[in-house]
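Per-entry structural report
For reference, the chains in residue letters:
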Amino acid sequence: HAAGDKLDLLVRQVEGILNRYDGSLLNLTIGDKGSYLFACLGAPIADEDDAARAVSAALELRALGAHLGFLTPLKIGVTTGRMRTGAYGSRARRTYSALGDAVNLSARLMAAAEPGQILVSQRVRQETGGAFSWEDLPPIQVKGRREPVAIARLAGRREEAPMRLLEPRYTLP
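So, here is what we can say about the structure in this document. In this numbering scheme, every chain counts its residues from 1 along its sequence in written order. Where totals are concerned, whole chains, interfaces and linings use all residues; where local detail is concerned, this predicted model gives features only for residues with pLDDT of at least 70, and gives and counts side-chain atom pairs only at 80 or more. Computation of side-chain values covers all heavy atoms of the structure but excludes hydrogens and water.

Attention shifts here to the environment of Leu10. Relative to the helices and strands, Leu10 resides in helix α1 (residues 2–20). Counting along the chain gives 93 residues from Leu10 to Val103, while the straight-line C-alpha distance between them is 22 Å. Numbering of helices and strands starts at the N terminus; helices are DSSP runs of H or I of at least 4 residues and strands are runs of E of at least 2.

As a further point, take the packing of α1 against helix α2 (residues 50–68). Between N-to-C directions, angles span 0 to 180 degrees; the directions come from axes that are lines fitted to C-alpha atoms, helices contributing only their stretch in contact. The N-to-C vectors of α1 and α2 enclose an angle of 155°; their axes lie 10 Å apart at closest approach. In terms of orientation, α1 lies roughly antiparallel with respect to α2. Seen along the crossing, α1 lies across α2 with a hand that is right-handed. For the pair formed by α1 and α2, the contact residues are Leu9, Leu10, Gln13, Val14, Ile17, Leu18 and Arg20 on the first element and Ala57, Glu60, Leu61, Leu64 and Leu68 on the second. For this classification, under 35 degrees means roughly parallel, over 145 means roughly antiparallel, 65 to 115 means roughly perpendicular, and everything else is oblique. Helix crossings get a hand from a simple test, with the near helix turned counterclockwise from the far one by less than a right angle marking a left-handed crossing and a clockwise turn marking a right-handed one. Residue contacts are counted whenever heavy atoms from the two residues lie within 4.5 Å of one another.

The rule for a salt bridge is simple: a side-chain nitrogen of Lys or Arg has to be within 4 Å of a carboxyl oxygen of Asp or Glu. Under the definition given, this model contains eight salt bridges. The partner of Arg125 in a salt bridge is Asp136, and the shortest N-O contact between them spans 2.2 Å. Residue Arg125 is located in helix α4 (residues 122–127), and its partner Asp136 is located in strand β7 (residues 132–140); the two are separated by eleven residues in the primary sequence. Given the relative accessible area of 51%, Asp136 is considered exposed. Shared partners join several salt bridges into a network, and the residues in it are Asp22, Asp49 and Arg53. Think of it in three bands: residues with accessible area under 20% of the maximum for their type are buried, residues over 50% are exposed, and the middle band is partly exposed, with areas taken using a 1.4 Å probe on protein chains only.

Moving on: the nonpolar core. Here, nonpolar core refers to any group of buried Ala, Val, Leu, Ile, Met, Phe, Trp, Tyr and Cys residues whose side-chain atoms link them within 4.5 Å. In this structure, Val55, Val78, Ile118 and Val120 are the most contacted members of the largest nonpolar core, which totals 24 residues. Residue assignment for this core shows that the elements contributing at least two residues are α1, α2, β3 (76–78), β6 (118–121), β7 and β8 (149–157). For this core, the element with the highest residue contribution is α2, accounting for eight residues. Apart from residues no more than four positions distant in its own chain, Ile118 is found in contact with Ala58, Leu59, Arg62, Ile76, Val78, Ala152, Arg153 and Leu154.

The values are spatial; any link to function lies outside them.
Set out below in structure tokens:
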């Protein structure tokens, strides 16, 4: 009974955090090899700042793990990129999900992270600008990729984003 209450509390808290950033909890897997959450931001509705929303949500999720007390420190991987999204399944049982290279890379980064660590792809770091502080890490080799992947560790949110007067405000074309 206590395990069910803890799981319910965790899912409600995670969904609350993700909802604040227009994200969705797509899957929760609990197994003998560990447990993981699969969350998505930017689908089905995309925002121009989805990468920043994702790392903000990751910071809150990491803090939630410490706050609840019954979880081990979370390992989080964040990427951005093109995905295939939508409903799949049979007429009797359908679900919504996201598939693609970005999803696979997120899982690889999560697996490579140390407990309490948030690893991000270089593209996420570039798209979030100066609002967050980062530690560059050596590129890592991941399954499914020939070349090592450039990554960074999310250290936290900067107190004040640096002022950049001469740079364009928008990074998208």
